[in-house]
Structures are given as C-alpha cells and as structure tokens.
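Residues per chain, in single letters:
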Amino acid sequence: MIARFFINFSLLFSVDALSSLEMFIIEENSEYLGVSKTKLMEHAGMAIARFIRSRFKPGSVILFVCGPGNNGGDGLVAARILAGEYDVHVIHLGGAEKIRTEEARSAWKVVTNLLTTLKLHIVKDSSEISRYEDIFRNADVVVDAILGTGVRGEVRGVARKAIEYINSLAKRKVSIDIPSGLDPDTGEVKGVAVKADYTITLHAPKKGLLKNPEYVGELLVEPIGIPYESTIICGPGDVKVAYRFRDEWSRKGDNGLILVIGGSKLYSGAPALAALAALKAGVDLVVVAAPKPAADVIKTYSPDLIVRPLPGEYLTTTMVDDILELSKRFDAVLIGPGLGREPDTIRAIRTIVEKLSAKSKLVIDADALKALKDVKLRGGVVTPHAGELRIMTGLEVSTDINDRVEKTVRASKRIGAVVLLKGRYDVISDGSRYKINKTGNPGMTVGGTGDVLAGLVAAFLAWCKDPFRAACAAAFINGFAGDILKERIGFHITATGLIDCIPEAFSRILR
Ligand SMILES: NC(=O)c1ccc[n+]([C@@H]2O[C@H](COP(=O)([O-])OP(=O)(O)OC[C@H]3O[C@@H](n4cnc5c(N)ncnc54)[C@H](OP(=O)(O)O)[C@@H]3O)[C@@H](O)[C@H]2O)c1
C-alpha cells in the first residue's frame, strides 16, 4: 500500500526556516532513509561549486578556509570539484587529527591526493595564520567553511583569527550554510563572525540567518538531496534529541523519576508493563501507585518496581489529594493503564488530569482517555487509538494517512495536548507540528503494547522538555523494538518480549 504515503504535505506543512536542532534531526533521519551524510556533503560541495562557476571566471583565485567539522567538509568537496578549473587554495584549520566525522575525513583524503591542481595549507594555531596573509589578500574570493550549525559558545583559537583575516583582507566572501560565528538559531554574533557577501545555505534557511541579514549578504538556499520525508517521519534524529545521555557523575534520580497511576481490582498487568518499559528505557526509578488488589499482584512481578498501594479496589476521588501531593516528586506522571471505568474512578481521573496537565509532564493513556470526553487540557501527551480518539473528540479517522494527519492536528488543538494517534502508522501532533512514525508491524496488535508505548512516552517526557519530541521518540523506539522482535520470532510478539527488546532498540539507534 505504498500509495498511502503520497501525502498532501501542502495541506499542513511548508519548509520554514529551521533551527539547528531541527536540521540535526533531518540529517539523521535522512541517513536512516538511506541518503547518507557523505552523499549530502557531496551535494553540498556541488552546490557551492555551481555557485562559484555562476559568479566567478575560470582561473580566478579561490581560497577555501575550512574548519574541522562538516562545514569544513562541505568546503573540501567544493574545493576538490573546482580544482583544475580555478586556482584553488585550501587553508585547513587543524589538519587531519582534528577532523571528527567519517564524511569530513573522506573529503579530506581526496583533497590530500591532489598534488598539482590544489594547494593545501594546514594551520594548527593562530600564530601560523599570518604566513598566509598574501593568499587572503590576493584571492578573488574567499569561501568561508569554518563553522556552520555546530558553533558552540564564543568563537575561539585559530577559527577566531581566521574570521578576522577574512573580514579584514578578503575581496569577496562566500559563506557556506551560515557565516562562521553567527548563531544559527538567534543570529547573535559569537564574539566575531564573517561578514559575508553571499551565504549559500543548505536545504533550508536557518533561523539565525533571517535575524541578522547584515552578516549574511545575498542569501541562496540550495537543496542537497535530503528527502522531504525526513522532515515528517520519526527517526533516529528524534530519539537522539529527546534521549537523556547520562552524565558520568549523575546520581540516582537525575535520569528520570516516573509515577504510574494505574491498576484496579480487575487489572494489574497494564501499569506493570508501562513501568517496566520506562525502566528498560533507562529512567532511574518508577513508582506504581495502584489500588491494593492490583498493588499486591504488581509487587510479585518484579523487584525492580516500587509499588505504592492505594486503599480500596479502584481509584476514587478520596485519593486525589494524596496522589496530587505524591506526584510533585516526579519528572513525569502516567495515568490510565488498568484503572477501569467505575464512575468515581472517572471523576478522580478528571480531577487529577485537569490539575496535572498544566505541568505538561503528564501522559494519559487507556481508561483515562475514555474519562476525558470534552475535557480541555493544558499540556501533556494523550495516546489514543482511533476508537479512543472518537470517544474523546467525536472525530472519526479512516486508514487514509492524510485523513489521520489532519484529524490528529485538529484533535490536538481541540484537546490542548500532544496527540499520539496509534495505528499502523502512528501520527503525532501538537496542533502546529506533526510527524508520522512508520516503525512497528502487525504483530504488535497483541494486548499490552500500548502500555509499553505509554511507559516509553513517560520516560522521554522525563528527559525532554518538549512533549511533542518525547512522543515522536517514544513512538519510534516502541515500533523499532517490535521490529527487532519480529526479525527474531516472527508474529509471536508479546508485550513482555517487546520490553526485553527496548535496550537493543536504543543501542542500535544511539551507537
Ligand atoms: N554532510 C551533511 O550531512 C551535512 C548536511 C547539511 C549540512 N552540513 C554542514 O555541516 C555543518 C554542521 O557540521 P558540524 O555539526 O560538524 O559542525 P561545524 O559547524 O562544522 O562545527 C564543528 C567544528 O567547529 C568547532 N567549534 C565549535 N564551536 C566552536 C567555537 N566557538 N570556536 C571554535 N571552534 C568551534 C568544533 O570543535 P570542537 O569539537 O573542539 O568543539 C568542530 O570542530 C552545517 O552547517 C553544514 O555546513 C553537512
């Protein structure tokens, strides 16, 4: 059913200026779709070369000043393409030892193979740059490939000196992606920045460029072959930006504390699955608050779970104050799995949710969703399937992907929370942005996989400020763990098997 993916993007999406975080996600997801960063670098280099050819005569002296990152790598590719047609010089800041990525290293290797058509000069510290003053002065154009979206903090060391030389000596200045030293998000000058005549920005304009046109000069946007779909699918980029990379000196609790409110006389498995999924994702502690009959059973499932028994057989309004007090100690709260539909439980859920949703660190799943008909929230994430969404909002969704996207965006605006609509392809929206998750398989229709997903959303929510990003990352990892399990055992998936695959799903994505 490939045709389902011909989405009418124009309905909901246009390529606006991007933040450096959004660009990072897109590049990672492009690689996941099969268009590697090496290929993107090649296309970026070609775009720069095309621009030089269009504006400068063959034989002109072109000086590329390249940093050790991928911005420098783009410059090295362009230099290699133009070598022979132009009098090409490359000043590399740092040389081979400083290059960090595979793609920039391979661009470097090719340049070092060119003996006759390109002059390579390596500058290791600021004091060495003055040796090349004449090249800066005599070049018809200096291409600035020192720093792009990877700039962090005030520009320092040899990069700073090189930018000062470019500004004071170059006749014409072309910046790749962003004038070096300009903050890609705010446009702020990080101590010093290249004052470009032209900026060739890759794929889409970066937000900072529009905020400081004085440094940008003429702005050209060049496509580099990033598939459009890498912007709207969930992928490894979404996981990497929402994941909490552990600090070596972090202490118990620094990596996420989660409260799961769930269970009833009838159900004990659902809250336990959600809690175990969050633990396997890597949070430090999960406490399950459950009515006593469920709590007694949950305790026997795993010593990893901390269980807080609530009096009675169901969640009731008498417990609300205690739960609200308890919730203050947690980074994220999940409410819903296994709570049942007793009338007083529904009243209790509505009160808890209305009070907690303002904090935006709330995940609402399963029975709690059904209690929320016509409730307007002030944040958080809801994780309905199509039937639950209909109960909550009256919106009917079909299997058509355009329809699902449109209704999810609408539902999110109406509910006042991020909606993660579960299905063969999950759709996530916060009312203005949306993404589609394609991981997962039909083996995951078994009971309990939704609870696992809810636990994962809670884990990412504990780590990441943005509930939309948390939901995208959780949807991807949940489906990816399911795909790993299907690879191993086919369509014999269980929710506990899925939980066991969560660590591998993370390690394959984060390695
Ligand atoms: N090939 C692709 O997939 C692709 C696609 C699109 C765009 N790009 C290009 O890649 C760029 C991003 O590449 P990147 O993430 O490698 O980052 P980058 O912009 O190339 O900068 C990273 C380098 O700059 C250094 N650096 C960072 N802040 C500094 C500062 N304040 N002063 C001095 N040096 C500093 C870093 O050194 P430390 O490590 O020591 O901090 C690192 O060597 C984009 O702007 C674009 O040009 C590549």
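Residues numbered from 1 in each chain as written. Predicted model: local features only at pLDDT ≥ 70, side-chain atom pairs only at ≥ 80, totals over all residues. Heavy atoms only, no water.

A description of the overall build of the chain should follow, citing residues and the corresponding values.
A tally of regular secondary structure across the chain gives 20 helices and 16 strands. By principal-axis analysis of the C-alpha atoms, the chain measures approximately 85 × 50 × 45 Å. Pairs at least 24 residues apart make up 70% of the contacts formed inside the chain by residues separated by at least 6 positions. For the chain, the accessible area works out to roughly 20900 Å², and carbon and sulfur atoms hold 52% of it. Taking the average place of the 67 positive charges on the side chains of the chain and the average place of its 60 negative ones, the gap between the two points comes to 1 Å. (Helix = DSSP H or I, 4+ residues; strand = E, 2+ residues; numbered from the N terminus. Contact = heavy atoms within 4.5 Å. Areas by Shrake-Rupley, 256 points an atom, 1.4 Å probe, with all protein chains shown as cover. Lys, Arg positive; Asp, Glu negative; His and termini not counted. Charge placed at Lys NZ, Arg CZ, Asp CG, Glu CD.)

Which residues make up the pairing of strand S10 (residues 306-310), and what values go with them?
As paired strands, strand S9 (residues 285-291) and S10 are joined by 5 bridges and run parallel to one another. Residue pairing across strands places Ala289 opposite Arg308, the latter belonging to S10. For the crossover from S9 across helix H12 (residues 292-301) to S10, the handedness is right-handed. (Pairing = 2+ DSSP bridges. Right-handed = clockwise from strand over helix to strand, strands pointing away.)

I'd love a proper account of a nonpolar patch on the surface, names of residues and values included.
Taken together, the side chains of Leu210, Leu219 and Val221 define a hydrophobic patch exposed on the protein surface, amounting to about 230 Å² of accessible area. With respect to the helices, strands and loops of the structure, Val221 is situated in strand S7 (residues 218-222). Accessibility expressed as a relative area gives 38% for Val221, which makes it partly exposed. (Patch = residues over 30% accessible without salt bridge, like charges linked within 9 Å, V, L, I, M, F, W, Y side chains within 5 Å. Salt bridge = Lys/Arg side-chain N within 4 Å of Asp/Glu carboxyl O. Buried < 20%, exposed > 50% of the residue type's maximum accessible area, 1.4 Å probe, protein only.)

Outline the confidence of the model for the chain, supporting the account with residue identities and numerical values.
Put simply, the chain has an average pLDDT of 94, and 97% of its residues get 70 or more. Here residues 1-14 is a poorly scored stretch, pLDDT under 50, and it has 25 contacts once near neighbours within four places are set aside; other chains count. (pLDDT = per-residue confidence, 0-100.)

Hey, could you go over helix H13 (residues 320-327) for me, with residue numbers and the actual values?
Within H13, the full set of buried residues consists of Val320, Ile323, Leu324, Leu326 and Ser327. Projection of H13 onto a plane perpendicular to its axis shows the buried side chains occupying an angular sector of 160°, all on one side. The exposed residues of H13 that point more than 90 degrees off its buried face are Asp321 and Asp322. Tucked into the core, H13 has its buried residues touching strand S8 (257-261), S9, S10, strand S11 (332-335) and helix H14 (343-356). (Arc of directions from axis to C-beta.)

How would you explain the site of the ligand if you had to name every residue and give the values?
What surrounds the ligand is a group of 24 residues, the closest being Asn70, Asn71, Gly148, Arg152 and Asp177. The contact in question runs from an oxygen atom of the ligand to an N or O atom on the side chain of Arg100, over 3.2 Å. The separation between a nitrogen atom of the ligand and a polar main-chain atom of Arg152 is 2.8 Å. Starting from 920 Å² of accessible surface for the ligand in isolation, the protein chains cover 85%. Mapped onto the shell around the ligand, the elements with two or more residues apiece are helix H2 (37-55) and helix H3 (70-82). (Near = heavy atom within 4 Å. Polar contact = N/O pair within 3.5 Å; in protein donor to acceptor, adjacent residues only side chain to side chain.)

An account of the domain arrangement of the chain is needed here, citing residue identities and associated values.
Each assigned domain of the chain is listed here: domain 1 (2-231) and domain 2 (236-510). Averaged C-alpha coordinates put domain 1 and domain 2 at centres separated by 41 Å. (Domains from an automatic or database assignment.)

Can you lay out the nonpolar core for me, pointing to particular residues and giving the numbers?
If you look at the biggest cluster of nonpolar residues, it comprises 65 residues, and the most contacted ones within it are Ile258, Ile428, Phe460, Ile477, Ile502 and Phe506. A total of 13 residues in this core trace back to one element, the largest contributor, which is helix H19 (residues 467-489). Within the second largest apolar cluster, 43 residues are counted, among which are Phe51, Phe64, Val111 and Ile226. (Core = buried A, V, L, I, M, F, W, Y, C linked by side-chain atoms within 4.5 Å.)

Help me get a handle on the sheet that holds strand S4 (residues 141-145), residues and values and all.
Two strands in a sheet stick together by hydrogen bonds in their backbones, pointing the same way (parallel) or opposite ways (antiparallel). One open sheet accounts for 7 strands, arranged S3-S2-S1-S4-S5-S6-S7; its pairing is parallel. With partners counted over all chains shown, the strands left at the sheet margins are strand S3 (118-123) and S7, one partner each. Pairwise comparison of adjacent strand axes, ignoring direction, gives a mean angle of 20° for this sheet. Sheet analysis places strand S2 (residues 87-93) next to S3, joined by 6 bridges and oriented parallel. Directly across from His92, in S3, lies its bridge partner Ile122. Set on the sheet, helix H4 (residues 102-113) makes contact with S2 and S3; between it and S3 the angle comes to about 120°. (Axes fitted to C-alpha atoms, helices over the stretch in contact; angles between N-to-C directions.)

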